[in-house]
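What follows is the residue order along each chain.
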Amino acid sequence: MSELLDYSGLYQLLADLVAKKRTNTLLGKTDTNHSVMIGIRGGEIVSLICSGKRGRAAIPAIRNISALTFRLDDAASHASGTDLPPTADIMGALRPSADTQDAGQFAAPRGG
């Protein structure tokens with residue numbers, strides 16, 4: 001079964017899963033038809049994928065979600081293999097009241 005959440009509801013769901021030290025994979029589709037996958041293992045965010053971006057680079061993309069249809073899978077997702085900041089920092093950057101510049105600091109540095 002799928003549920004529809006706005007961004008604030010998505011943040012609250014993630015905060016609850018983290019606080020309860022849950023292990024889940026959130027699989028979703030945004031209102032702009034982009035895929036989202038957020039892996040949580042034992043209350044720690046272990047993978048982020050949104051709009052083709054992974055890890056740190058997915059944080060600004062997740063912040064741009066207006067609405068999301070999703071389902072929770074009880075299985076743990078695999079770690080993304082990308083260096084993620086600590087869960088508390090991810091949640092701080094995703095907080096609805098956070099400055100969008102806060103989220104941008106987690107974008108992967110450009111090579112060159």
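Residues numbered from 1 in each chain as written. Predicted model: local features only at pLDDT ≥ 70, side-chain atom pairs only at ≥ 80, totals over all residues. Heavy atoms only, no water.

Q: When you look at the confidence of the model for the protein in this model, what are you seeing that I'm missing?
A: A low pLDDT means the predicted coordinates there should not be read in detail. With 82% of its residues at a pLDDT of 70 or more, the protein shows a mean pLDDT of 87. Helix H4 (residues 100-104) is the least confidently modelled element of the protein, averaging 51 in pLDDT, while helix H1 (residues 7-19) averages 97, the highest of any element. Throughout residues 108-112 the model reports pLDDT below 50, and contacts reaching past four residues in sequence, or to other chains, amount to two contacts. (pLDDT = per-residue confidence, 0-100. Helix = DSSP H or I, 4+ residues; strand = E, 2+ residues; numbered from the N terminus. Contact = heavy atoms within 4.5 Å.)

Q: Help me out: how do you make sense of unusual backbone geometry in this one?
A: With the exception of glycine, most residues fall at negative phi, and the peptide bonds are largely trans. Positioned with a positive phi, Asn-33 is a non-glycine residue whose angle comes to about 65°. Position of Asn-33 relative to the elements: it lies in the loop between strand E2 (24-30) and strand E3 (35-41). Here the phi dihedral of Ser-51 falls at roughly 55°; this positive angle occurs in a residue that is not glycine. Structurally, Ser-51 can be placed in the loop between strand E4 (44-50) and strand E5 (53-54).

Q: Looking at this structure, how should I read the environment of Leu-48?
A: With respect to the helices, strands and loops of the structure, Leu-48 is situated in strand E4. Looking at Leu-48, the relative accessible area reads 0%, which means it is buried. Remark: the alpha-carbon pair of Leu-48 and Leu-84, spanning 36 residues in sequence, is separated by 8.5 Å. (Buried < 20%, exposed > 50% of the residue type's maximum accessible area, 1.4 Å probe, protein only.)

Q: Please clarify how the environment of Asp-31 should be interpreted in this entry.
A: Tracing the chain through its elements places Asp-31 in the loop between E2 and E3. Beyond its immediate sequence surroundings of up to four residues, Asp-31 is in contact with Ser-66 and Ala-67.

Q: Before we go on, may I ask you to explain the side chain of Thr-30 in this structure?
A: The residue Thr-30 is located in strand E2 in this model. A distance of 3.0 Å separates a polar atom in the side chain of Thr-30 from a polar atom in the side chain of Thr-32. The contact partners of Thr-30, leaving out residues within four places of it in the chain, are Val-36, Ile-65, Ala-67 and Leu-68. (Polar contact = N/O pair within 3.5 Å; in protein donor to acceptor, adjacent residues only side chain to side chain.)

Q: Sorry, what's going on with the environment of Asn-24 here?
A: Topologically, Asn-24 is positioned in strand E2. On the basis of relative accessibility, which here comes to 1%, the residue Asn-24 falls in the buried class. Distance in space between the C-alpha atoms of Asn-24 and Ile-38 is 8.3 Å, their sequence separation being 14 residues. With residues near it in sequence (within four places) discarded, Asn-24 still touches Leu-17, Ile-38, Gly-39, Ile-40, Leu-72, Asp-73, Asp-74 and Ala-75. Among the polar contacts made by the side chain of Asn-24, one reaches the side chain of Arg-22 at a distance of 3.4 Å.

Q: Can you walk me through the sheet that holds E5 in this structure?
A: Each strand in a sheet pairs with its neighbour through backbone hydrogen bonds, running either in the same direction (parallel) or in the opposite one (antiparallel). Judged by pairing direction, the sheet is antiparallel, and its six strands sit side by side in the order E1-E6-E2-E3-E4-E5 without closing on themselves. The strands lining the two open edges of the sheet, one partner per strand, are strand E1 (3-6) and E5. As paired strands, E1 and strand E6 (residues 67-73) are joined by four bridges and run antiparallel to one another. By the bridge assignment for E6, Asp-6 is matched with Ala-67. (Pairing = 2+ DSSP bridges.)

Q: Sorry if this is basic, but what is going on with the nonpolar core here?
A: Burial of nonpolar side chains together is a common tendency in soluble globular proteins. Of all hydrophobic cores here, the largest spans 27 residues; its most connected members are Ile-38, Leu-48 and Ile-62. Broken down by element, this core gets its largest block of residues, seven residues, from H1. Each residue touching Ile-38, except ones within four places of it in the same chain, is listed here: Leu-14, Asn-24, Thr-25, Leu-26, Ile-45, Ser-47, Leu-48 and Ile-62. (Core = buried A, V, L, I, M, F, W, Y, C linked by side-chain atoms within 4.5 Å.)

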